Amino acid sequence: LAPQLAEFVSLFLVTERAAGYERVERCQGNCGQHFIVLRTVPCYSSVEVNGFDKALLLAFNRFILLLVVIEMRVRYGVKLFHFHGQYARFGVAYLLAVLARIMQLRMLLDIRDKGVRGRKLRLFDTVIGASRSVADNVQADIVPGKFSLVAIPHAAPSVQAIDTTEMPEHFFLFVGTVRQLKGVDTLIEAYRRYRAEDGTISLLLIGPIVDENLVRDSEVQTLGSRDPAFAYEAIRRCKLLLLPSRSEGLPHVCLEAIEAGARFVVGPGIPEMEQFCPHNVLPDVTPEAVLECLNNPENIPPAKGYDLAQHRPHEVAKALFEIYRKMLTP
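Nothing here was measured: the structure is a model prediction, and the numbers come from that model.

Here we come to the sheet that holds strand 5 (residues 106–111). To summarise the sheet geometry, strands pair through backbone hydrogen bonds and adopt either a parallel or an antiparallel arrangement. The strand order 4-5-6-7 describes an open sheet built from four strands, whose pairing is parallel. With one partner strand each, in any of the chains shown, strand 4 (80–84) and strand 7 (147–149) form the two edges of the open sheet. The average undirected angle you get between the axes of adjacent strands in this sheet is 25°. As paired elements, strand 5 and strand 6 (residues 126–129) share four bridges and run parallel to each other. By the bridge assignment, L108 is partnered in strand 6 with T126. Each of strand 4, strand 5, strand 6 and strand 7 is contacted by helix 10 (residues 313–328), which is oriented at about 150° to strand 5, the strand it contacts most.

This is the structure in structure tokens:
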């Protein structure tokens, strides 16, 4: 999204530190404009840790974020800050609100899933949500007129050579964080029954493993995190993509499946999928419902009714620019 957004605004992109990348990088947008990437925030969301170490890492991450906000305002004169939804959690919203009042900042909160809600959302000047389920989830927590739906940006990955030696010839696929909330426990139980009934197709899991007990002593194949191009190629090749999640906004992996023309199923409670892709929605997140899909993947059609045009990065960038403009207009 950043290269498209740079066409409309002067942009600083603050993100987590990443091995092998410069802390400060000047990048070129699609139309020649430049934007600055600042990899100054300590890793937290991309690192899976637990217990006391996780609490310390979270506190350090949020503390550095607050310092970055101050620096961006003082050094570069930035007036508008667009925050990921995770930065409304653990009391950080209240600290940001104090900074906003002292330093005359405008704050936008971008909610991508249903894990962020509460009266703290009213501390932000504007809240945007990625799906209708997110909007329904926060409706009671926001000031009327301060919420907008903005689609998740999505573009088909560029064509490139991918090493597919880790992929079986025929396989079912899960892409996402391997945890109970994503329904992986249900998926693995259904797959255990599938194998007990002499099923022969492999099950491949791509994504960071949070709940290791789910995959311990199971017959599934886990690959851990892989880059987006590898995951997209796996989606394109799989027999069936399964995301039996118990709570979702609008999963990006579903958009990738639609783009790839792949068969997929997703858990209920996502209005966009239920309206435009009803045959790709599980009736319930149960082993029985998932097992039915594993036994009869050919009965699940590739989704064709959902329009991806609203997710094109240029369209999303234009929608965001209009929101920014209104926020900065006296």
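So much for the structure itself; the text now carries on.
A word on the pairing of strand 11 (residues 240–243). The side chains of a regular strand alternate, residue by residue, between the two faces of the sheet. Covered by surrounding structure in strand 11 are L240 and L242 together with L241 and L243, the residues of both alternating faces. Bridge count for strand 8 (residues 171–175) against strand 11 is two bridges, and the pairing is parallel. Residue pairing in the sheet places L173 in a bridge with L241 of strand 11. Bridge analysis of strand 11 against strand 12 (residues 264–266) gives three bridges, and the strand direction is parallel. In the strand pairing of strand 12, L241 is matched with F264. As for the winding sense of the linkage, the β-α-β connection from strand 11 through helix 7 (residues 252–260) to strand 12 is right-handed.

Before going further, it helps to examine the nonpolar core. Counting residues in each nonpolar core, the largest one holds 57 residues, and the members touching the most others are F172, L173, L205, L241, L242, F264 and M273. Once you skip the residues sitting within four places of it in the chain, L241 turns out to touch L173, F174, V175, I235, V253, A257, R263, F264 and V265.

With that out of the way, let us pick up the packing of aromatic side chains. Counted according to the given criterion, the structure contains six aromatic pairs. Through a chain of ring-to-ring contacts, the aromatic side chains of F172, Y191 and Y194 assemble into a single cluster.

Glancing now at the sheet that holds strand 2 (residues 24–28). The strand order across the open sheet formed by three strands is 1-3-2, and the pairing between neighbours is mixed. Of all the strands in the sheet, just strand 1 (12–16) and strand 2 have a single pairing partner and so form its edges. Here the strands of the sheet are splayed against their neighbours by 30° on average, with no regard to which way each runs. Bridge count between strand 2 and strand 3 (residues 34–41): five bridges; the pairing is antiparallel. Across the sheet, the residue bridging to Q28 is H34, located in strand 3.

This brings us to the environment of Q221. Here Q221 shows up in strand 10 (residues 221–224). Not counting chain neighbours up to four residues away, the residues in contact with Q221 comprise E166, P168, L203, L204 and L205. Looking at Q221, its side chain comes within polar contact range of the main-chain oxygen of E166, at 2.9 Å.

Along the polypeptide, N280 turns up in the loop between helix 8 (271–276) and helix 9 (287–295). Ignoring anything within four residues of it in the chain, the contact list for N280 reads F264, V265, V266, I300, P301 and A303.

We now examine a nonpolar patch on the surface. A contiguous nonpolar patch, built from F60, F63, L67, I70 and V74 and spanning about 460 Å² of accessible area, is present on the exposed surface. Mapped onto the secondary structure, V74 falls in helix 2 (residues 51–76). Classification of V74 as exposed rests on a relative accessible area of 62%.

Further remarks concern the pairing of strand 9 (residues 202–206). Counting buried positions over the five residues of strand 9 gives four, a clear majority of the element. One ladder, built from five bridges, connects strand 8 with strand 9; its direction is parallel. Bridge pairing links F171 to S202 in strand 9. For the segment spanning strand 8, helix 5 (residues 184–196) and strand 9, crossover handedness is right-handed. Where strand 9 lies against strand 10, three bridges are found, and the strand directions are parallel. Pairing of L204 across the sheet is with Q221, part of strand 10.

What counts, and at which threshold
Residues numbered from 1 in each chain as written. Predicted model: local features only at pLDDT ≥ 70, side-chain atom pairs only at ≥ 80, totals over all residues. Heavy atoms only, no water. Pairing = 2+ DSSP bridges. Helix = DSSP H or I, 4+ residues; strand = E, 2+ residues; numbered from the N terminus. Axes fitted to C-alpha atoms, helices over the stretch in contact; angles between N-to-C directions. Contact = heavy atoms within 4.5 Å. Buried < 20%, exposed > 50% of the residue type's maximum accessible area, 1.4 Å probe, protein only. Right-handed = clockwise from strand over helix to strand, strands pointing away. Core = buried A, V, L, I, M, F, W, Y, C linked by side-chain atoms within 4.5 Å. Phe/Tyr/Trp six-rings, centres within 6.5 Å; stacked < 30°, edge-to-face > 60°. Polar contact = N/O pair within 3.5 Å; in protein donor to acceptor, adjacent residues only side chain to side chain. Patch = residues over 30% accessible without salt bridge, like charges linked within 9 Å, V, L, I, M, F, W, Y side chains within 5 Å. Areas by Shrake-Rupley, 256 points an atom, 1.4 Å probe, with all protein chains shown as cover. Salt bridge = Lys/Arg side-chain N within 4 Å of Asp/Glu carboxyl O.

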